Amino acid sequence: MTVQEIQEKIQAGLPGSEVEIQDPYNDGVHIKAIVKFSGFAGKSIVEQHRMVYATLKDELKAEVHALGLETKV
Amino acid sequence: MDKELQDKIQGLIGSKKIFLFMKGTPDAPMCGFSAGVTNVLRSLGADYNSFNVLSDMNVREGIKEFANWPTIPQLYIDGEFVGGHDIVVEMARSGELQKKIGA
């Protein structure tokens, strides 16, 4: 799974979101996603992160060991 | 999840006001995000219990379902799921975590 594919998966799951992926070690494992999505409005930070995690269900089980997450409305 | 496992997880969470599921121990964390959360808790002087999920595969998988949260560490305060690494760091920065733990 490439960084590009992770970005596309989040965007597909949260239509209209802006997703920036940072891969500081360039290893595709310890990545950080910054997700801006209007659908986060009125949701707690835990709920916002859950919404992003839900788009990456399978990836989080296997390849992506560490996903840093920052969400914005 | 079977009842026995659920009871075990519930029992751990209820054993202390602040409870952390992590990889490794506070003195020897086995993952960068677990280390990050223990650093935050230490900097606040928080009194907490922890459980090393690497020592128990059932708990390691069970808490993901329990909290509807796919990653570890997981922090609980007053029996309530607070969040993982990023949320804990953010809450400490904003001062919200200090309020929650009464630091």
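Refer to the structure printed above.
Because the structure is a prediction, the values reported are computed rather than measured. (Residues numbered from 1 in each chain as written. Chains lettered and ligands numbered in written order. Predicted model: local features only at pLDDT ≥ 70, side-chain atom pairs only at ≥ 80, totals over all residues. Heavy atoms only, no water.)

### Focus on the sheet that holds strand β2 (residues 30–36) of chain A
Residues and elements named next belong to chain A.
- Strand order in the open sheet formed by three strands is β1-β2-β3, and the pairing between neighbours is mixed. Of all strands in the sheet, those bounded by a partner on one side alone are β1 (18–22) and β3 (66–72). Along the sheet, successive strands turn relative to each other by an average axial angle of 15°, direction set aside.
- With five bridges joining them, β1 and β2 adopt antiparallel strand pairing. For Gln22, the partnering residue across the bridge sits in β2 and is Lys32.
- This element, helix α2 (residues 45–55), spans β2 and β3 of the sheet and lies at about 125° to β3. (Pairing = 2+ DSSP bridges. Helix = DSSP H or I, 4+ residues; strand = E, 2+ residues; numbered from the N terminus. Axes fitted to C-alpha atoms, helices over the stretch in contact; angles between N-to-C directions. Contact = heavy atoms within 4.5 Å.)

### Quick word on the sheet that holds strand β2 (residues 49–52) of chain B
Residue and element names in this part refer to chain B.
- Sheet architecture is open: four strands sit in the order β2-β1-β3-β4, paired in mixed fashion. Here the strands that pair on one side only, and so sit at the sheet edges, are β2 and β4 (80–83). On average, each strand axis in the sheet is inclined to that of its neighbour by 25°, with strand direction left out of account.
- Note that strand β1 (residues 18–22) and strand β3 (residues 74–77) share four bridges and pair antiparallel. Bridged to Ile18 within β3 is Ile77.
- Of the strands in this sheet, β1, β2 and β3 are in contact with helix α1 (residues 3–13), which crosses β1 at around 130°.

### Brief notes about the packing of aromatic side chains
Residue and element names in this part refer to chain B.
- Using the criterion set out here, one finds eight aromatic pairs over all chains in the structure.
- With a centroid separation of 5.0 Å and 65° between ring planes, the pair formed by Phe19 and Phe21 is classed as edge-to-face.
- Owing to a relative accessible area of 2%, Phe19 belongs among the buried residues under this scheme.
- Consider the rings of Phe21 and Tyr76, whose centres lie 5.7 Å apart with planes at 80°: the pair is edge-to-face. Of the two residues, Phe21 sits in strand β1 while Tyr76 sits in strand β3, which places them 55 residues apart along the sequence. This pair shows no difference in class: Phe21 is buried, exactly as Tyr76 is. (Phe/Tyr/Trp six-rings, centres within 6.5 Å; stacked < 30°, edge-to-face > 60°. Buried < 20%, exposed > 50% of the residue type's maximum accessible area, 1.4 Å probe, protein only.)

### Details of the nonpolar core
- If you look at the biggest cluster of nonpolar residues, it comprises 50 residues, and the most contacted ones within it are Ile10(A), Val35(A), Phe21(B) and Leu97(B).
- At five residues, the largest contribution of residues to this core is made by β1(B).
- Contacts of Val35(A), omitting those with residues within four sequence positions, involve Ile10(A), Leu14(A), Ser17(A), Glu18(A), Val19(A), Phe40(A), Val52(A), Leu69(A), Glu70(A), Thr71(A) and Lys72(A). (Core = buried A, V, L, I, M, F, W, Y, C linked by side-chain atoms within 4.5 Å.)

### Points about the pattern of salt bridges
Residue and element names in this part refer to chain B.
- Scanning the model with the defined rule gives eight salt bridges over all chains in all.
- Here Arg93 and Glu90 are joined by a salt bridge, their closest N and O atoms 2.9 Å apart. Of this pair, Arg93 and Glu90 both sit in helix α4 (residues 85–94), three residues apart, which is roughly one turn of the helix.
- According to the relative accessible area criterion, Arg93 is exposed, its value standing at 63%. (Salt bridge = Lys/Arg side-chain N within 4 Å of Asp/Glu carboxyl O.)

### What about the packing of α1(B) against helix α3 (residues 57–66) of chain B?
Residue and element names in this part refer to chain B.
- Two elements in contact, α1 and α3, have axes separated by 10 Å at closest approach and are oriented at 85°. By the criterion of interaxial angle, the relationship of α1 to α3 is roughly perpendicular. Judged by residue contacts, Leu5, Gln6, Lys8, Ile9, Gln10 and Ile13 of α1 engage Asn58, Val59, Gly62, Ile63 and Phe66 from α3. (Parallel < 35°, antiparallel > 145°, perpendicular 65-115°, else oblique.)

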